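# Overview (structure and organization)
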Amino acid sequence: QVQLVESGGGLVQAGGSLRLSCAASGRTFSSYAMGWFRQAPGKEREFVAAISWSGGSTYYADSVKGRFTISRDNAKNTVYLQMNSLKPEDTAVYYCAARGSWPEGPYDYWGQGTQVTVSS
């Protein structure tokens with residue numbers, strides 16, 4: 001069982017930056033691949049970024065490539081999402097998730113989400 005808690009969301013102007021954190025409970029964090037997803041009002045949840053167990057492999061949605069960076073610190077049981085050059089269309093609730101497989105497979109655990117609002 002893994003519990004995930006996101007933090008770091010907030011209100012930022014377009015062009016600004018935010019760093020989201022996702023803290024995981026348990027001692028097996030390093031055995032999970034991690035992902036970030038987002039859901040804007042009235043839209044379906046969409047994939048943002050993912051990172052492998054060791055952090056050696058990552059991939060991104062085209063919409064955030066070059067602006068967002070996913071990373072992890074297994075010693076701190078935490079995964080991060082650095083978001084730069086934010087746009088109003090990045091406004092959404094951001095969720096982190098964990099899964100036992102890489103690079104594909106369902107995500108087994110989800111956090112409660114953190115709101116990111118980008119003003120124009």
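Read on for a plain summary of the structure.

Parameters and conventions
- Residues numbered from 1 in each chain as written.
- Predicted model: local features only at pLDDT ≥ 70, side-chain atom pairs only at ≥ 80, totals over all residues.
- Heavy atoms only, no water.
- Phe/Tyr/Trp six-rings, centres within 6.5 Å; stacked < 30°, edge-to-face > 60°.
- Buried < 20%, exposed > 50% of the residue type's maximum accessible area, 1.4 Å probe, protein only.
- Lys NZ or Arg CZ within 6 Å of the ring centre and 35° of its normal.
- Pairing = 2+ DSSP bridges.
- Helix = DSSP H or I, 4+ residues; strand = E, 2+ residues; numbered from the N terminus.
- Axes fitted to C-alpha atoms, helices over the stretch in contact; angles between N-to-C directions.
- Disulfide = S-S within 2.5 Å.

### With respect to the packing of aromatic side chains
Taken as a whole and assessed by the stated rule, the structure comprises seven aromatic pairs. For the ring pair Tyr107 and Trp110, a centre distance of 5.9 Å and an interplane angle of 55° mean the geometry is tilted. Residue Tyr107 is classed as buried on the basis of its relative accessible area of 14%. By way of ring pairs, the aromatic residues Phe37, Phe47, Tyr59, Trp102, Tyr107 and Trp110 are connected into one cluster. For the cation-ring pair, Arg45 lies above Trp110, with the distance from its terminal atom to the ring centre recorded as 3.8 Å.

### Structural notes on the sheet that holds strand S1 (residues 4-7)
In a beta sheet, neighbouring strands pair by backbone hydrogen bonds and run either parallel or antiparallel. If you trace the four strands from one edge of the open sheet to the other, you get S1-S3-S8-S7, paired in antiparallel fashion. Of all the strands in the sheet, the pair left with one neighbour each is S1 and strand S7 (68-73). Averaged over all neighbouring strand pairs, the angle between strand axes comes to 15°, with direction disregarded. Strand direction decides the pairing type here: strand S3 (residues 18-24) and strand S8 (residues 78-83), joined by six bridges, are antiparallel. Residue pairing for S8: Ser21 is matched across the bridge by Tyr80.

### Side note on the state of the cysteines
Tallying each qualifying case throughout the model produces one disulfide. The partner cysteine of Cys22 in its disulfide is Cys96, sulfur to sulfur 1.9 Å. Its S-S torsion of about 45° marks the bond between Cys22 and Cys96 as right-handed, since a negative value means left-handed. Highlighted residues: Cys22 in strand S3 and Cys96 in strand S9 (residues 92-99), separated in sequence by 74 residues. By relative accessible area, which is 0% here, Cys22 ends up buried. Residue class for Cys96 comes out buried when judged on its relative accessible area of 0%.

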